[in-house]
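# Working through the structure, step by step
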Amino acid sequence: VCRGRLTGTAECYPEKSPKKPRRIEERTVILLRCGNRYAVCRRKEGLLIGMWEFPSFPGHLTPEECIGKIRRAGGEVISAEKTVSAKHIFTHVEWHMIGYAAEVSAEIPGFVWAAAGEIRGNYAIPTALKKYAALMRD
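Residues numbered from 1 in each chain as written. Predicted model: local features only at pLDDT ≥ 70, side-chain atom pairs only at ≥ 80, totals over all residues. Heavy atoms only, no water.

### Observations concerning the pattern of salt bridges
Opposite charge on two side chains permits them to pair, given that their charged atoms come into close proximity. Under the counting rule described, the total for this entry stands at seven salt bridges. With a shortest N-O distance of 3.0 Å, Glu103 and Arg33 are connected by a salt bridge. Pair noted here: Glu103 is in strand β6 (residues 93-104) and Arg33 is in strand β1 (residues 23-34), with a separation of 70 residues, a long-range link. The salt bridge partner of Arg120 is Asp138, with a shortest N-O separation of 2.8 Å. You can see Arg120 sitting in helix α3 (residues 116-122) and its partner Asp138 sitting in the segment after α4 (130-133), a full 18 residues away along the chain. Three or more residues are tied together by salt bridges with common partners; here these are Arg22, Lys87 and Glu94. (Salt bridge = Lys/Arg side-chain N within 4 Å of Asp/Glu carboxyl O. Helix = DSSP H or I, 4+ residues; strand = E, 2+ residues; numbered from the N terminus.)

Below, the structure written as structure tokens:
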């Protein structure tokens, strides 16, 4: 009854579908600091929804675009500098991230602000962002 067996090709079935290529998403992560406290927020969409993260945006922002995003959120930027780049591979998606460390003069509403030790102890930051979490100073 099995044609594959009759023709000596049974080991070729079932045929595996070719893997879909991973989708690449570019992201910008901002390690936003005010004094000794850092901004975190819950992801509202996409991968890792509901988990804590540092403020992030789709695409690779320029330093000027990054500062503009902070200002539009109500922050007065004291300093901003580019930090590390990182890549994280999920099953079907690959994040290519660039990062900025920015200091603001006052805490911006809409974020949870906490000290580095408190974030490490009480807020589960995803592995994808651990490289940025390591940049926090106590």
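### Side note on the side chain of Thr28
When you line up the elements, Thr28 lands in strand β1. Within the structure, the side chain of Thr28 is placed 2.8 Å from the backbone nitrogen of Leu61, a separation counted as a polar contact. Non-local contacts of Thr28, meaning those with residues more than four positions away in its chain, are made with Pro55, Ser56, Phe57, Gly59, His60, Leu61, Ile98 and Tyr100. (Polar contact = N/O pair within 3.5 Å; in protein donor to acceptor, adjacent residues only side chain to side chain. Contact = heavy atoms within 4.5 Å.)

### With respect to the packing of aromatic side chains
Throughout the structure, instances matching the rule amount to three aromatic pairs. Look at Trp52 and Tyr123: their rings are 4.8 Å apart centre to centre, the planes differ by 85°, and that puts the pair in the edge-to-face class. Linking Trp52 in strand β3 (residues 52-53) with Tyr123 in the loop between α3 and α4, this pair joins segments that are 71 residues apart in sequence. Per residue, the accessibility class of Trp52 equals that of Tyr123, and both read buried. With 5.1 Å between their ring centres and 75° between their planes, Phe90 and Trp95 make a pair best called edge-to-face. Both residues of the pair, Phe90 and Trp95, belong to the buried class. Stacked on the ring of Trp95, the Lys or Arg Arg27 has its end atom at 5.3 Å from the ring centre. (Phe/Tyr/Trp six-rings, centres within 6.5 Å; stacked < 30°, edge-to-face > 60°. Buried < 20%, exposed > 50% of the residue type's maximum accessible area, 1.4 Å probe, protein only. Lys NZ or Arg CZ within 6 Å of the ring centre and 35° of its normal.)

### Details of the pairing of strand β2 (residues 37-42)
Successive residues of a regular strand alternate their side chains across the two faces of the sheet. Across two bridges, β1 lies against β2 in antiparallel orientation. Directly across from Cys34, in β2, lies its bridge partner Arg37. Between β1 and β2, which pair antiparallel and follow one another directly, the connecting turn spans two residues, one of which, Gly35, has a positive phi of 65°. When β2 meets strand β7 (residues 112-115), the two strands line up antiparallel, connected through four bridges. Paired with Ala39 across the strands is Trp113, a residue of β7. Pairing between β2 and β3: two bridges, direction antiparallel. (Pairing = 2+ DSSP bridges.)

### Comments concerning the environment of Glu25
Summarising the element assignment, Glu25 is placed in strand β1. Taking C-alpha positions, Glu25 is 38 Å from Glu11, a pair spaced 14 residues apart along the chain. Residue contacts for Glu25: discarding those within four places in its chain leaves Val93, Glu94, Trp95 and His96. Within polar-contact distance, the side chain of Glu25 engages the side chain of Arg23 at 2.7 Å.

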